[in-house]
Each structure stands twice: as C-alpha cells, then as structure tokens.
Amino acid sequence: MTTTIETARGRYAVHRWSRLSQVAMASVALIVIALALVPYLLSTYATEQLTELFILAILAAMWNALAGYGGLISIGQQAFIGVGAYATIFLTQRGVPPYLAIALAAVVAGILALPVSLLVLRLRGGQFAIGTWVVAEVLGLLIALDHDLGGGTGISLTGLNIYPPADRQAYTYWFTLGVGVVLLGLVFVLLRSPNGAALQAIRDDEEAAASLGVRVEAKKLMLFVLASFGCGAAGALTLANTLFIQPQSIFGVSWTAYMIFMVLVGGLGTFEGPLIGAVAFFAIQHWFADLGAWYLIGLGATAIGFALALPRGLWGWVEHRLHLRLFPVGYRLEHDASAVCQATPAADPAPPA
Amino acid sequence: MIWASVIIQGVLLGAVYALFACGLSLMFGVMRIINLAHGDIAVVGAYLVWIVATRAHVSPFLALVAVLPVMLIAGYVLHVALIGKSLRGGQLVPLLTTFGLAIVIQNSLQQIFSPDVRSLGAAAGWITTSSWRLSEALAISWFGVLVLVVAVVVLGGLDLFLRKTGLGREMRATAQDPDAAELVGVDARAVYARATAIAVATAALAGAFLAMRSTFEPASGPTQLIFAFEAVVIGGFGSLWGTLLGGIVLGVAQTIGGHIDPQYSILAGHLVFLVVLASPRGRTLAARSARR
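If you're wondering where the values come from, they're calculated on a predicted model, not measured in any experiment. (Residues numbered from 1 in each chain as written. Chains lettered and ligands numbered in written order. Predicted model: local features only at pLDDT ≥ 70, side-chain atom pairs only at ≥ 80, totals over all residues.)

1. Let's talk about the overall build of chain A
Cut-off, in case you're wondering: Helix and strand definitions follow DSSP, with helices as H or I runs of at least four residues and strands as E runs of at least two, each counted in order from the N terminus. Here exposure depends only on C-beta density: within 10 Å of a residue's C-beta, 20 or more other C-beta atoms make it buried, 12 or fewer make it exposed, and intermediate numbers make it partly exposed, the C-beta atoms being placed from the backbone. Once C-beta atoms are placed from the backbone, any two residues with those atoms within 7 Å are in contact.
For chain A, the helix and strand inventory stands at 15 helices and five strands. Its C-alpha atoms give chain A principal-axis dimensions of about 80 × 50 × 40 Å. By residue count, 45% of the 353 residues in chain A fall in the buried class. In chain A, once contacts between residues fewer than 6 apart in sequence are set aside, the share between residues at least 24 apart is 79%.

2. Considering the overall build of chain B
The helix and strand inventory of chain B stands at 13 helices and two strands. Principal axes of the C-alpha set define a box for chain B whose edges measure 65 × 50 × 35 Å. Residues classed as buried in chain B amount to 54% of the 292 residues present. At a minimum sequence separation of 6, the contacts of chain B that also span at least 24 residues come to 73%.

3. Observations regarding helix H7 (residues 165-192) of chain A
Residues and elements named next belong to chain A. Selection criterion: One less than the residue count of a helix, multiplied by 1.5 Å, gives the span that helix is expected to have.
In this model, H7 (28 residues) spans 40 Å end to end at C-alpha, consistent with the 40 Å of a helix rising 1.5 Å per residue. Those residues of H7 not exposed but buried are Gln169, Thr172, Tyr173, Phe175, Thr176, Val179, Gly180, Leu183, Leu184, Val187 and Leu191. Against the buried residues of H7 lie helix H2 (38-41), helix H3 (44-70), helix H5 (98-120), helix H8 (194-204) and helix H10 (216-242).

4. Some thoughts on the packing of H3 of chain A against helix H12 (residues 254-266) of chain A
Residues and elements named next belong to chain A. Here is the rule we go by: Only the stretch in contact is used when a helix axis is fitted, and all axes are lines through C-alpha atoms; the angle between N-to-C directions ranges over 0 to 180 degrees. Roughly parallel refers to an angle under 35 degrees, roughly antiparallel to one over 145, roughly perpendicular to one between 65 and 115, and oblique to any angle outside these ranges. Amino acids outside the nonpolar list (Ala, Val, Leu, Ile, Met, Phe, Trp, Tyr, Cys, Pro) and the charged list (Asp, Glu, Lys, Arg) are all regarded as polar, and Gly is one of them.
In the contact formed by H3 and H12, the axes pass within 9 Å of each other and the chain directions differ by 75°. The orientation of H3 relative to H12 falls into the category roughly perpendicular. Within the contact between the two elements, H3 uses Leu56, Leu59, Ala60, Trp63, Asn64, Ala67 and Gly68 and H12 uses Met259, Met262, Val263 and Gly266. Considering only residue class, the contact of H3 with H12 consists of eight nonpolar, three polar and no charged.

5. A short note on helix H11 (residues 240-260) of chain B
When the terminal C-alpha atoms of H11 of chain B are compared, their 31 Å separation across 21 residues agrees well with the 30 Å that a helix rising 1.5 Å per residue should span. The element H11 of chain B is extensively covered by neighbouring structure, given that 16 of its 21 residues are classed as buried.

6. Things to note about the interface of chain A and chain B
The interface of chain A with chain B comprises 35 residues on the first partner and 38 residues on the second. No other element matches helix H6 (residues 125-145) of chain A, which puts twelve residues into the side of chain A that touches chain B.

7. Examining unusual backbone geometry
Residues and elements named next belong to chain A. One non-glycine residue, Leu243, lies in the positive phi region at around 70°. Mapped onto the fold, Leu243 is located in the loop between H10 and strand E4 (244-245). Classification of Leu243 by C-beta neighbours within 10 Å gives partly exposed; the count is 16.

8. Concerning the environment of Ala21 of chain B
Residues and elements named next belong to chain B. On the secondary structure map, Ala21 appears in helix H1 (residues 2-31). C-alpha separation for the pair Ala21 and Ile51, spaced 30 residues apart in sequence, amounts to 25 Å. The contacts of Ala21, once residues within four sequence positions are left out, are Ala228, Ala231, Val232, Thr243, Gly246 and Gly247.

9. Quick word on the packing of helix H6 (residues 142-164) of chain B against helix H9 (residues 188-213) of chain B
Residue and element names in this part refer to chain B. Packing of H6 against H9 brings their axes to within 11 Å, and their N-to-C directions diverge by 175°. Here H6 is positioned roughly antiparallel relative to H9, judged by the angle of their axes. Contact with H6, carried on its side by Phe143, Val147 and Val154, involves Thr202, Leu205, Phe209, Met212 and Arg213 of H9 and no other residues of that element. For the contact of H6 with H9, the class distribution of residues is six nonpolar, one polar and one charged.

10. What to know about the confidence of the model for chain B
Rule in force here: Residue-level confidence of the predictor is what pLDDT reports, using numbers from 0 through 100.
On average, residues of chain B score 90 in pLDDT, and 96% of them are at 70 or above. Among the prediction metrics, the complex's ipTM stands at 0.89, with pTM recorded as 0.89.

11. A word on the environment of Gly277 of chain A
Residues and elements named next belong to chain A. Summarising the element assignment, Gly277 is placed in helix H13 (residues 273-288). By the C-beta count within 10 Å, which is 32 here, Gly277 ends up buried. Placed 63 residues apart in sequence, Gly277 and Val214 show a C-alpha to C-alpha distance of 31 Å. Ignoring anything within four residues of it in the chain, the contact list for Gly277 reads Ala60, Met262, Val263, Val265, Gly266 and Gly313.

12. Re the nonpolar core
Using the following cut-off: Remark: nonpolar core denotes a set of buried Ala, Val, Leu, Ile, Met, Phe, Trp, Tyr and Cys residues whose joining runs through C-beta atoms within 7 Å.
Judged by nonpolar contacts, the single largest core of 206 residues is most densely connected at Ile58 and Ala109 of chain A together with Ala18, Leu19 and Val49 of chain B. For this core, the leading source of residues is H9 of chain B, giving 18 residues. Those residues in contact with Ala109 of chain A that lie beyond four places of it in its chain are Phe80, Val83, Gly84, Ala87, Ser228, Phe229, Cys231 and Gly232 of chain A.

13. Notes on the environment of Ala67 of chain A
Residue and element names in this part refer to chain A. Along the chain, Ala67 turns up in helix H3. On the basis of neighbour count, Ala67 is assigned to the buried category, with 25 C-beta atoms found within 10 Å. Along the primary structure Ala67 and Arg203 are separated by 136 residues, whereas in three dimensions their C-alpha atoms are 8.3 Å apart. Not counting residues within four places of it along the chain, the set of residues in contact with Ala67 comprises Leu72, Ile73, Val263 and Leu268.

14. Quick look at the confidence of the model for chain A
For chain A, per-residue confidence averages 87 on the pLDDT scale, and residues scoring 70 or more make up 93% of the total. By mean pLDDT, the top-scoring element of chain A is helix H4 (residues 78-93) of chain A (95), and the lowest-scoring one is strand E5 (residues 332-336) of chain A (69).

Written out as structure tokens, the structure is:
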C-alpha cells in the first residue's frame, strides 16, 4: 500500500512494503515449513536445542515489545515464566492433558498480569523495573512454600512420560514452533495497527501522547498482558522441554539478564532484532557457557557496550546503513525530485494506489 | 515482652536498610534514575573492607575509614565512565547499563573471591556480640544501636548538606530543572557525579555494616537493592527521613514475619511494600515521582 503526494518539489511517497520485505514475508512461510520438518531430519538432541532457541526467541520478542515499543523496562518477567511453568504442573496434577495444560498455563499468566498491572503500572522507569522484580520474588517465595508443587526443591512434569522420548521431543518442538509463530504474528499485527504508533508515542513521551488522546493506561495494559502471556507460554514450554523446574531458577532474575542481552544485541525497538539476538545468545551460550563467571561477565559487559554505543543493536545498525527492512512495522518516506508536478503546486494526496 | 524485643530488632534492622536506601533515594531524587547495581556496589564495599581488615590486620571500622574515600572516588569515576554517558541516551538507558554492571560486578566478585559466604562479625570484635540485657527476653545489641546512630547521622547529615550548603543547593536546583540550573552557572554533570559519589560511598558503608551484622557473598547485592527500593517506596519518595521510616517499617515487618516463621521473613517485607503500593498513597507516590 503506497500513498503518494505530488508537490512542486517532486513526488513524495509513503509506503510500508518494499520488494525485499515482500520477499521476506513470503520466505517466512517457507522457513516455517522447513523448520517443521526438523524432527524428521535431525536428532532428538538437535530438536531439543532448537526448541530452546525458539523459547529464547519468544522471550526476546516479548521483552522487546515491552521495552522497545512500550518503554516498559521490566526486571520481573520471570514472574510470568515461573507462573507458566508452575500452572502447567498444577493443571497436569489435576488431570489436564499436558499440552492443553501448557496452553492454559499461558492464559493463566496473561490473566495474572491484570492484577499485577494494577500495582506495577503505577510506577515508571526504574521504579517499574524493580516493582516487577519484587512481584517475581514474591511469587517465587510463595511457590517455594507450597509442598504440593515441590516446595523449594523443584518438581518434574510427569504427564509427558506417556510418549516415547523422541516423539515427545518432536511434539514439544512443533508446539513451541507454533506458539512462537503465533506470538510473533500477534506482535507484528499489534505493532502495525494504530496501537503500535500509540505505544511508541507513549514510550517517547507519556504526557505528550496522553495530550494527543492516546489512552495511555489501556495501551500499556494491553502490552503488559500480551508480554506476560508470551512469557507464561515460554515458561510452560521450558518445563515441557526440560521436564524439571525449581522455583529458584525459573523465578530467577537471570532470565531477565538473558532477555536484555538478546534484545540489546539484536536491536531494541526493531521487530527483527530480538530474533537475531536470540540466535546470537544461543550460539554464545553454546560456546562459552563452560567459562562460568567469565561468560556472565562477558554478557554483562557486552550489554553495557551495546546500550551505550549501538542502542538499536545489530539489526538497527543494518537497517540504518543498508536501508533494509524485512518485516515492516513502520512507514518509509521516499522523495523523487525528478517527478515535479507542473500543473498545481500543492495537490491533494492521491488515493491509495 | 517478646514482641517488644521483635520490634526493637526490626527497628535496628531497618536502620541498615535505611543506610542502603539513602544513596538510592539521593540518585533518584537528583537524576530520576535507579541504579540497579546499587546493592552490588554495597557488596564491593564490604569486600574492600574485608581485604583491608584481613591484610592489614586492623579492625573493620578502621578499614572502613580507608575504604570510604576510595568508594567516593570510585562513585565519581562510575558516573563519568558509565552513568553520565547512559543518561545522554534517555531515562531508560541507565537502567540497562546499571543492570549490566550488576551482572559484571556479581560475577567478578565470584571469580575473585569464590562464592563462599563470609562475615566481618568476628573481626569487628566485642561490639557485635555485646548487648544491654534489659530483662529476660529483651536485649538491645550495641552494634544495632551503633548502626541506627550512624544511619541517623548519615541521613541527617545528607539532609543538612542538601538544605544548608552551597553544593546542596546546586544539587536541589539541578534535581528540579537541570537546564535552568545550567543557565545560572551550575555544572549539572559535576552535580550528578557528586550525587553518584555520595550514593556509592553510603552504599559501601551500608555494605560494610551488613557484613559485620550478618554475612555476605558475591550474590548478596540484588536482595539488598530490592530492600533499599522497598524502604524508599514505603517511606515515600523525596524525603530522607521518610526513607529512614520506610527502612524501619520494612525491618519491623521482616522481623515480625520471621518471628512467626523464618520462611515468612522476607515475604512479610515484600507484602508490606505491595500493600503500600496498592494503597491510595501508592497512587499519589507514583504521580509525584513522575513529575519532573
């Protein structure tokens, strides 16, 4: 869809799609089909690893939606990761089939976001960041007190034992792939709708956005619920992939460290960035996690470096330098000075072509 | 009588939290940012005191006298090297960089000092073990009272500094409007750096007292950051005496919770924080702190 306007200085065109982004969108379908074939082609181990990568990509996309588009820096999304995982345990203990339980657990996390938002969305900036962190700590402590959920020592997901290991891994993989595609699709649609522009306006200046009629509270709530739903799904899928969880690790702040790293390296406030960041983090984790403390020092230092020197990450840099845009959520203005309009200097915009 | 003892313990614990919180509160008041590495910086202070005390075979109190000026300078450098640069990117970038710094500090400490739990309690000598025994169930620890006195002196000193001195006036002016302050000749960046330096030094002081009072390890920082933040919120943003009160409320909540069951100690503190946030006062709090 392109809107053009002809003036005495030439023709201006505002458009969203480029040839490249149309090709990119078409190739997404092919890539998803190719990924769906992975369990037939690769080993169970590789399938498990790729599942982990998809979960990381979901988390990065959710954190980026909050921080990069809504300006909400949360240190406490692990609250919803943990709730997603433990709600799955809770539901399977009551006879709900495991994969249905995973889907419902994500909904539980999304619903929990409503009362939580009443508390934390009162806060801004750094206060919001630590406020969400406290919520995650409280939920972790409460679950550690519950003996039916394994207390502080952790608990296994036993419901998936009915499937042979290779089949189970394949089902979990497809489920994760499906959830990832749906969630990324949701974020894409949301950002392209007028909501996307409203959210970015809130991020840039909350008062100014409100004065222009943006319903700040409602938009923030919508984004917070979506991100919590996505993190809940990621937590439930992590459980399905690893089959064991502990409150200390699933409610741990290191999830946030990973999310921040992926989003900052990939590109804060870009749609493609978190996916690149997830792949980068996955590779780094694979190669360097054995280094222990040094690995984490490296992650922290890299995040600082990107935040200061390259705030829109690798993809932001590519986008800026090469004018590439694979999945357009914004608009581009193009100016063609040669197409000077002779007749009327200031013409009405032409109808959308 | 047992409850009087529990509450007194809570007040004394709250003094430690108030010391942790005053630097956080100062940085938020002046720059509108929250330093997510505040707790970890406090732990660095504790480790520095530990090094000086064990290498030079001196009391931790004497070591603290040597460490505080170092931390003041470290705070100034931290601002110039990291926080000031982050502030140029807007209000959100300092959160990201200080969170990254927190990870770097925690893991560096773990690499250097191993994850072992340590304490400065024994090194601090008789004061950490002595107490006034008022009755069978009621005893007041000398060390707890010392921390409370130090907290009152530090918070009162900061309050006087902000209200009465020229540097304090510059700091308040910059907090209200950095651009207007620059117009009348205040170097806002230097003011910010001074605020960070003071915050880092008070954090180190709090960290050293925590280490003498109980134990510390490389991963102790985040918990202390959360407690400090809760103290600031419970006490209401913007007032240093409120921060002392907030720390005491948090400390009392934790000791009462812990007296019922040790598992409830931290949870009780979090719940008081959430209740304050949920109360109508929480709404005005958020509105007040949003105003620049």
